[in-house]
Amino acid sequence: MVQCCVYSCFENSSNKSQYILHKFPINNQKLCQLWLKKCGRHNTFNLKNAKVCSKHFSDEQYQKCIYLEFELNGCGPRKLLENAIPDMNLPLEEMKPGR
């Protein structure tokens with residue numbers, strides 16, 4: 001079972017969730033560090049297996065799908081923009097104890 005690594009998020013791959021789990025951008029060190037900061041995690045974990053669920057990304061962080069504009073099916077799973085950063089439902093800075 002894979003769980004979203006955002007602090008206090010309990011979405012995972014085993015529940016019947018509407019959320020997609022996105023891999024960390026490990027090929028982009030700067031972007032990867034931004035994701036880590038947004039996740040509110042200070043402990044270390046394996047970034048190759050780490051995921052962030054889609055409830056932490058606004059619609060603006062996703063590639064546009066022409067089918068959606070015409071209300072047609074066929075887009076498949078939503079894809080993040082190359083420079084997407086988690087920007088929703090994130091832990092508050094005051095609530096993050098040293099982890």
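Residues numbered from 1 in each chain as written. Predicted model: local features only at pLDDT ≥ 70, side-chain atom pairs only at ≥ 80, totals over all residues. Heavy atoms only, no water.

Enquirer: Mind laying out the overall build of the protein chain, listing which residues take part and the relevant values?
Expert: Scanning the protein chain from terminus to terminus reveals two helices and two strands. Its helices and strands in sequence order give the protein chain the pattern β-α-β-α, from N to C terminus. A buried classification covers 31% of the 99 residues belonging to the protein chain. A fraction of 62% describes how many contacts in the protein chain between residues 6 or more apart in sequence connect residues 24 or more apart. (Helix = DSSP H or I, 4+ residues; strand = E, 2+ residues; numbered from the N terminus. Buried < 20%, exposed > 50% of the residue type's maximum accessible area, 1.4 Å probe, protein only. Contact = heavy atoms within 4.5 Å.)

Enquirer: I'd love a proper account of the pattern of salt bridges, names of residues and values included.
Expert: Summed over all chains, the structure comprises one salt bridge. When the shortest N-O distance is used, the salt bridge between Glu11 and Lys55 registers 3.8 Å. Of the two residues, Glu11 sits in the segment before β1 (21-23) while Lys55 sits in the loop between β2 (51-53) and α2 (66-69), which places them 44 residues apart along the sequence. For Glu11, a relative accessible area of 16% gives the class buried. (Salt bridge = Lys/Arg side-chain N within 4 Å of Asp/Glu carboxyl O.)

Enquirer: Which residues make up the nonpolar core, and what values do they have?
Expert: Judged by nonpolar contacts, the single largest core of 17 residues is most densely connected at Phe24, Trp35, Val52 and Phe57. Within the residue set of this core, elements represented by two or more residues are α1 (29-39) and β2. Looking at which element gives the most residues to this core, the answer is α1, with five residues. In contact with Val52, other than residues within four places in its own chain, are Cys4, Cys5, Val6, Ile20, Leu21, His22, Phe24, Trp35, Cys39, Phe57 and Pro86. (Core = buried A, V, L, I, M, F, W, Y, C linked by side-chain atoms within 4.5 Å.)

Enquirer: Residue-level account of the confidence of the model for the protein chain, with values.
Expert: Confidence along the protein chain averages 82 in pLDDT terms, with 81% of residues attaining 70 or more. Mean pLDDT in the protein chain bottoms out at α2, which sits at 56, and peaks at β2, which reaches 95. (pLDDT = per-residue confidence, 0-100.)

Enquirer: Any chance you could break down the side chain of Lys51 for me, citing the residues and the numbers?
Expert: Here Lys51 is to be found in strand β2. In this structure Lys51 is buried but unpaired, with Glu11 as the nearest side chain of opposite charge at 15 Å. Contacts of Lys51, omitting those with residues within four sequence positions, involve Val2, Gln3, Cys4, Cys5, Leu21, His22, Lys23 and Phe24. (Lys, Arg positive; Asp, Glu negative; His and termini not counted.)

Enquirer: So what's going on with the environment of Cys9? Which residues, and what values?
Expert: Looking at the secondary structure, you find Cys9 in the segment before β1. In contact with Cys9, not counting residues within four places along its chain, are Gln3, Cys4, Cys53, Lys55 and His56.

Enquirer: Help me get a handle on α1, residues and values and all.
Expert: Taken together, the buried positions of α1 are Leu31, Cys32, Trp35, Leu36 and Cys39. One side of α1 holds all its buried residues, which, seen down the axis, span an arc of 145°. For α1, the exposed residues lying more than 90 degrees away from the buried face are Lys30 and Lys37. Residues of α1 that are buried make contact with β1 and β2. At the exit of α1 stands Gly40, carrying a positive phi of roughly 75°. (Arc of directions from axis to C-beta.)

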